[in-house]
Amino acid sequence: MFQKLGTLLIVITIVPAAASGQEPEPAVVIEDVWRHEGELRFSVEATGLFDEEAQRTIRQGGTAALEYTIELYRRRAGWFDTIVNTPLIVPFRVSYDAFERKYRLLGADIRLKTDNFDDIVAQCTKLDSVSMGSIEEMKMDMNATYYLVARVSYQPLTVDTIDELRDWVSKPGSRSSDRESAESRSSGVGSRLARALMSAAGYGEEELRGESRRFKPSDLPER
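Residues numbered from 1 in each chain as written. Predicted model: local features only at pLDDT ≥ 70, side-chain atom pairs only at ≥ 80, totals over all residues. Heavy atoms only, no water.

Another point: the sheet that holds strand E8 (residues 126-134). With antiparallel pairing, 3 strands are arranged side by side in an open sheet as E1-E2-E8. On the outer flanks of this sheet lie strand E1 (27-36) and E8, each paired with one strand and no other. In this sheet, neighbouring strand axes are inclined to one another by 25° on average, regardless of whether the strands run parallel or antiparallel. Note: E1 against strand E2 (residues 39-47), 9 bridges, orientation antiparallel. If you follow Val28 over to E2, its bridge partner there is Ala46. Across the sheet, helix H3 (residues 117-125) touches E2 and E8, and the angle it forms with E8 is around 25°. (Pairing = 2+ DSSP bridges. Helix = DSSP H or I, 4+ residues; strand = E, 2+ residues; numbered from the N terminus. Axes fitted to C-alpha atoms, helices over the stretch in contact; angles between N-to-C directions. Contact = heavy atoms within 4.5 Å.)

This structure, assessed with the given rule, holds 8 aromatic pairs. With a centroid separation of 6.1 Å and 70° between ring planes, the pair formed by Phe50 and Phe117 is classed as edge-to-face. Placement of the pair is Phe50 in the loop between E2 and helix H2 (52-59) and Phe117 in helix H3, with a sequence separation of 67 residues. Neither Phe50 nor Phe117 differs from the other in exposure class; each is buried. Ring plane angle 10° and centroid distance 5.5 Å describe the contact between Tyr73 and Tyr147, whose orientation is recorded as stacked. In this pair, Tyr73 is assigned in strand E3 (residues 64-74) and Tyr147 in strand E9 (residues 146-155), connecting sequence segments 74 residues apart. (Phe/Tyr/Trp six-rings, centres within 6.5 Å; stacked < 30°, edge-to-face > 60°. Buried < 20%, exposed > 50% of the residue type's maximum accessible area, 1.4 Å probe, protein only.)

In this section: the confidence of the model for the protein. Overall, the prediction assigns the protein a mean pLDDT of 78, with 69% of residues at 70 or greater. In the model, residues 198-202 has pLDDT below 50 throughout and makes 6 contacts with residues more than four positions away in sequence or in other chains. (pLDDT = per-residue confidence, 0-100.)

A word on the nonpolar core. Within the largest apolar cluster, 42 residues are counted, with the highest numbers of intra-cluster contacts made by Leu40, Phe50, Tyr68 and Leu148. In contact with Leu148, not counting residues within four places along its chain, are Ile30, Val33, Leu40, Phe42, Ile70, Glu71, Leu72, Met132, Gly210, Glu211, Ser212 and Phe215. (Core = buried A, V, L, I, M, F, W, Y, C linked by side-chain atoms within 4.5 Å.)

This part takes up H3. Residues of H3 that are buried: Phe117, Ile120, Val121, Cys124 and Thr125. Each buried residue of H3 lies within a common arc of 105° when the element is viewed along its axis, so the set occupies one face. Of the residues that open H3, the one with a side-chain oxygen 2.9 Å from the backbone nitrogen of Asp118 is Asn116. (Arc of directions from axis to C-beta. Polar contact = N/O pair within 3.5 Å; in protein donor to acceptor, adjacent residues only side chain to side chain.)

Here you go:
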């Protein structure tokens, strides 16, 4: 009887440890590259950025910034690879409207407001069909070897938000022991933003880099 109980206890101890997953490490992946009506197109995804802490920081008044920089390189054997295009920059900002209780996403071609945080994340972290431009205008050799490089900059708190917080916490009398002053500082937007800053442990800035596979334009599928 005791032997069976001991076995059962071991199983109970091991199973939760195996089931408890950790947040994935932040990464950026260029998933696919193809041709479409004379354009070079690709899909890219950034993962592991908007975790629960990031969502909490945004709800407390922070504004998160996510920016993609995409470059096209031509492979040159025995020499430095050369960049082909002017970098394509795709910026996003995520914030929270406390009055409407909705998240907001602002981008070059998108304005989205919703109470579903996952919808916001999906729109700015997975770009399904992005055009790098005309293959002809970029003067790409159909039989040369190329690859795409994606750089992603992510800031849980934008510079504007950080500056606002610094101004708030450094204002005259911010360290006064006066009870009324302390109670005033412990409430309102300023206090919420200060807590958001503290919860963002070093602001949590991420700089990610990912490359596509090597390809020849002539070998790419037409979609």
